[in-house]
Amino acid sequence: MDQAVHSGVHEAPFIGRAPELAALRADVDRAGLETLAGRPVPRARVLLVAGPPGSGRTALAEEFLRGLAPDYPDGLLRARLTEPGGAPVPVERTARELLDGLGVPARPGDGPDELTEALRGALRDQRALLLLDDVAAAEQLTELLPDERGCLVLATAEGPLSGVADVRPCTLGGLDPAAAVALLAARAGSDLRFTVDPRAAERLAAACAHHPASLVLVGGWLAVHPHTSMLDAARRLAEARGDTPLERAFDLVHSALPTRHVRLLRLLCLAPDGFVDAPLAAALAGWDVPAADAALAEFLRLGLLQRLPEGACRVPPCLDALLRRELDARERPAEVQLARARMLERSVRQLRSCWAVTEPVGSPPRRELGREPRPLRFETRREAAAWLGSRLPALLAGARLAAADGELDTLARRFVAALARALNAHRAPEHTAAEHYRLHELVLEVAERRALHRERAAALLNLGDLDAWTGRLTLAAERYRAALAAVRADGGGDVEAAVRAMGSLGDTYAERSDPARAEDWYGRALALCLNTDDQEGAARLHGRLGTVHRMAGRWGEALRAWKSAAGIHRRLRNPQAQARALGEVARVQEEAGHAHDALRTRHQALERAREARDARLEAALGLRLAESCARVGDAAGAAAHRAAAQRLLEEPGPSAGPAATVVPPRPEPRPAGAGAAPGAEAEPREEERSGAGAPVGPDAGEEAGEEAEPPGGATAEEPPRPSSP
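Residues numbered from 1 in each chain as written. Predicted model: local features only at pLDDT ≥ 70, side-chain atom pairs only at ≥ 80, totals over all residues. Heavy atoms only, no water.

Scanning the protein chain for helices and strands turns up 32 helices and 9 strands. Contacts spanning at least 24 positions in sequence make up 71% of the contacts within the protein chain whose residues lie at least 6 apart. As displayed, the protein chain offers around 29600 Å² of accessible surface, 52% of which is attributable to carbon and sulfur atoms. (Helix = DSSP H or I, 4+ residues; strand = E, 2+ residues; numbered from the N terminus. Contact = heavy atoms within 4.5 Å. Areas by Shrake-Rupley, 256 points an atom, 1.4 Å probe, with all protein chains shown as cover.)

Following this line, the structure appears as structure tokens:
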């Protein structure tokens, strides 16, 4: 575990700070005041590095933790607690990121208390290091502290954190003179100017007040001005504008840039989470990607950006405020908004490419992918997955910024939908449930602001599904009712969403052991399906009604519902779904005491499975048929069917039928922001949600069907609730 959440990679070697490192090492071994008083605190030890922006507090923390790493075998977690622009990062978001670093999926929709408790639980009995960078307030830190005394927390902040007990800050000023000159030389390339005139180098370092970030900038400036003497550099630095050494060093570097580069540099502070790569920079400035790439390389040489893995970089936090000041002073609001729009549009295209590369070769998305320029195209699924993983925090930050903007709502919805689709393509639903929850919340925010009733209904339905999946049934029911109200406010035209809301309300009441209300909502949804000739939807709802009736012991109603489901599947020429419905009829018959009727029905189910050419389904039904034979005393038949099923299960390769799984999992909710967008998923198909269900039909009695059960026993007998989001 070595999770770098928003951490930079420092290009220059670490220089100086020997006294501070020694003090921190001594503080690790020193007993705290509470311990000396006989009241040891039952939580991790906390160290604090305090200093102004650009003082090198993060670099010092990283260097210190590198030396401690062997003593903490459970790894290092990092998180930044202040956003670009200065806003504190919510504790909930930081806790989720740290849990991700630990490989512990956070439950979607959990609040700060649940998440911080989960974090403490995940760190119990661990010896891990936590670097909490740029802490804005003591409350952020105290809520994240592990209860495990074997962990060590190192925080960085601008000043002391008075709300944290038993913490002695290591306060940073400038570097010592020798270290300051060494850092300046490392950035400048250690050329002859330092050897020829060491006193001038010392004066230049003193003009920077030995401030690390200022030294990095001036050293970068010296590197690209190899013929400028130290004395001339010091003179120019003294003439630069600014009240602090950092402001003057920034002005020195900034004023030497070409005009085009100056504009790009100030636009980079618009990058979500400060995360920049060449395509994003090109979109912000309206350039081509090679030109943006060359400009970013120049900024890196000058120390205006920090390098990140995989060809990316970020704006140093200490320069963010200066760039935002330049942006406010020199860019009109309309130009800033246009740059944001270009950035979002470029990100949407990259996310579409990230999804399209997972589609079959020759499919329309793959053909469209081939027409994209190389910087926006992914050649392999692995390349796309790596890009998505490395940029996910920035992409989520971009979604939050787009939703909060209020002026780019259409682009925001497209961006969120593209991000949700890319996540679905590259990660298992249960691993992205928390991200989807946040995305649907953003869509809901935009839909409510713009009075987009259809999009609001879609977001509420998706959030309700995720709430139900995590067991928050009361909240899920509230969301489903709100979705139904949104459909009605839209004129009731989205029948699909209305059916899904009613069916989901039925699911919720069934899980809460309220069969009467479940039956009522299923019945309303069924009536709507029949009125709109939605045969598949009606089949699904008949299956749900059959399940509710069976659990209540109403065998007659359960048989009628499941037989109706099977009849519709037969008319729809879907032998696989019909076979699944057949088993449910047989199960009801067995539970009602009609073992021979159940035996005949299971034979019919097995025939339909063979017709569907689904070997695993056939094996599951064969095992159930063997049990039915045993119940009526046919031991030879039971043995024969069991042996046949075992042979099918042992056959290598996927089954020949259209679906290899016995009970398909419920699909993830509609992509965030989909609303009525193309490709948006509506109410899941019957066999995906409850396993079976079909519209009532008078001719369905003879060929009722079974929801096939996995070999080993479980079937779709419980009311449907997703096994994954």
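Enumeration according to the criterion identifies 4 cavities of 30 Å³ or more in this entry. One number sums up the size of the largest cavity: a volume of about 170 Å³. Lining of the largest cavity is provided by 15 residues; of these, Pro-272, Leu-280, Ser-347, Ala-394 and Leu-395 occupy positions nearest its centre. At the level of elements, β7 (275-276), α17 (333-356) and α19 (381-405) are the ones that each hand at least two residues to the lining of the largest cavity. At 5 residues, α19 tops the list of elements feeding residues into the lining of the largest cavity. Its residues assigned to classes, the lining of the largest cavity comprises 10 nonpolar, 3 polar and 2 charged. (1 Å grid on protein atoms, 1.4 Å probe; cavity = no way out; pocket = protein on both sides within 12 Å on 5 of 7 lines; lining within 4 Å. Points joined across faces, edges and corners; volume = space filled by probe spheres on them. Nonpolar A, V, L, I, M, F, W, Y, C, P; charged D, E, K, R; others polar.)

In this structure the tally under the stated criterion is 53 salt bridges. A salt bridge links Glu-62 to Arg-78; the nearest nitrogen and oxygen atoms lie 3.1 Å apart. In this pair, Glu-62 is assigned in helix α3 (residues 57-68) and Arg-78 in strand β3 (residues 76-80), connecting sequence segments 16 residues apart. Each member of the pair, Glu-62 as well as Arg-78, carries the same accessibility label: buried. Taking the shortest distance from any N to any O, the salt bridge between Glu-627 and Arg-624 comes out at 2.8 Å. Here the residue Glu-627 and the residue Arg-624 both occupy positions in helix α30 (residues 615-631), the gap between them amounting to 3 residues, near one helical turn. (Salt bridge = Lys/Arg side-chain N within 4 Å of Asp/Glu carboxyl O. Buried < 20%, exposed > 50% of the residue type's maximum accessible area, 1.4 Å probe, protein only.)

Mapping Ala-552 onto the fold places it in the loop between α26 (535-551) and α27 (555-571). Judged by its relative accessible area of 37%, Ala-552 falls in the partly exposed class. A sequence separation of 36 residues divides Ala-552 from Ala-516, and the C-alpha atoms of the two residues are 9.5 Å apart.

Right, let's get into the side chain of His-426. By the element assignment, His-426 lies in helix α20 (residues 409-426). Relative accessible area serves as the criterion here: at 17%, His-426 is assigned to the buried category. For His-426, the side chain forms a polar contact with the main-chain oxygen of Cys-354, separated by 2.7 Å. Ignoring sequence-local partners within four residues, the contact set of His-426 consists of Cys-354, Val-357, Thr-358, Arg-381, Ala-384, Ala-385 and Leu-388. (Polar contact = N/O pair within 3.5 Å; in protein donor to acceptor, adjacent residues only side chain to side chain.)

What follows concerns the nonpolar core. The biggest cluster of nonpolar side chains holds 71 residues, and the ones touching the most others in it are Leu-351, Leu-388, Phe-415, Leu-419 and Leu-439. Examining the composition of this core, we find that 10 residues originate from one element, α20, more than from any other. When sequence neighbours within four positions are dropped, the list of residues in contact with Leu-419 reads Leu-351, Leu-388, Leu-392, Leu-395, Leu-396 and Leu-439. Listed in part, the 66 residues of the second largest apolar core include Ile-15, Ala-200, Leu-268 and Val-276. (Core = buried A, V, L, I, M, F, W, Y, C linked by side-chain atoms within 4.5 Å.)

Our next topic: the pairing of strand β2 (residues 45-50). Within β2, 6 of the 6 residues are buried, which leaves it mostly tucked inside the rest of the structure. Of the two faces of β2, the one carrying Arg-45, Leu-47 and Val-49 and the one carrying Val-46, Leu-48 and Ala-50 are both buried. Bridge count for β2 against strand β6 (residues 169-171) is 3 bridges, and the pairing is parallel. Each bridged residue has a counterpart across the sheet, and for Val-49 the counterpart in β6 is Cys-170. (Pairing = 2+ DSSP bridges.)

A few words now on the packing of α26 against α27. At their nearest, the axes of α26 and α27 sit 8 Å apart, and the two run at 160° to each other. Taken together, α26 and α27 sit at an angle that is classed as roughly antiparallel. The handedness of the crossing between α26 and α27 is left-handed. Between α26 and α27, the contacting residues are Gln-535, Ala-539, His-542, Gly-543, Leu-545, Gly-546, Thr-547, His-549 and Arg-550 on the first element and Trp-555, Glu-557, Ala-558, Ala-561, Trp-562, Ser-564, Ala-565, Ile-568, His-569 and Arg-571 on the second. Of the residues contributing to the contact of α26 with α27, the split by class is 8 nonpolar, 8 polar and 3 charged. (Axes fitted to C-alpha atoms, helices over the stretch in contact; angles between N-to-C directions. Parallel < 35°, antiparallel > 145°, perpendicular 65-115°, else oblique. Left-handed = near helix turned anticlockwise from the far one by under 90°.)

Turning to the environment of Ala-341, a few remarks are in order. Relative to the assigned elements, Ala-341 resides in helix α17. Look past the residues within four positions of Ala-341 in its chain and what remains in contact with it is Leu-408 and Leu-411.

Turning to the sheet that holds strand β8 (residues 306-307), a few remarks are in order. Across a sheet, strands are paired by hydrogen bonds formed along the backbone, either parallel or antiparallel in direction. If you walk across this open sheet you meet the 3 strands as β7-β9-β8, and the pairing is antiparallel. Edge positions in the open sheet fall to β7 and β8, since each of these has one partner strand only.

So, on to unusual backbone geometry. Non-glycine residue Ser-513 carries a positive phi angle of around 55°. Positionally, Ser-513 belongs in the loop between α24 (495-511) and α25 (515-531). You can call Ser-513 exposed: its relative accessible area is 63%. Positive phi is not limited to glycine here, since Arg-573 has a value of about 55°. Topologically, Arg-573 is positioned in the loop between α27 and α28 (575-591).

Negative charge collects at one region of the surface, where Asp-113, Glu-114, Glu-117, Glu-139 and Glu-143 lie side by side. Put simply, the parts of the chain that give the negative patch at least two residues each are α5 (112-122) and α6 (138-144). Checked against the element boundaries, Glu-139 lands in helix α6. (Patch = residues over 30% accessible without salt bridge, like charges linked within 9 Å, V, L, I, M, F, W, Y side chains within 5 Å. Lys, Arg positive; Asp, Glu negative; His and termini not counted. Charge placed at Lys NZ, Arg CZ, Asp CG, Glu CD.)

Looking at the protein chain, the pLDDT average stands at 86 and 86% of residues meet or exceed 70. Note that residues 1-10 has pLDDT below 50 and, in this model, 35 contacts with residues that lie over four places away or in other chains. Ignoring residues within four places in sequence, the model shows residues 654-725, a span with pLDDT below 50, making 277 contacts including any to other chains. (pLDDT = per-residue confidence, 0-100.)

What follows concerns the environment of Leu-322. Tracing the backbone shows Leu-322 in helix α16 (residues 317-330). Along the primary structure Leu-322 and Asp-251 are separated by 71 residues, whereas in three dimensions their C-alpha atoms are 9.7 Å apart.

Moving on to helix α31 (residues 635-650). Helix length check: α31, at 16 residues, gives a terminal C-alpha distance of 23 Å against a target of 22 Å (1.5 Å per residue), a fit within 8%. Listed in full, the buried residues belonging to α31 are Gly-637, Ala-638, His-641, Ala-645 and Leu-648. One side of α31 carries all its buried residues, which in axial view fall inside an arc of 100°. Facing away from the buried side of α31 by more than 90 degrees, the exposed set consists of Ala-635, Ala-636, Arg-647 and Glu-650. Lining the buried residues of α31 we find α29 (595-612) and α30. (Expected span 1.5 Å × (residues − 1). Arc of directions from axis to C-beta.)

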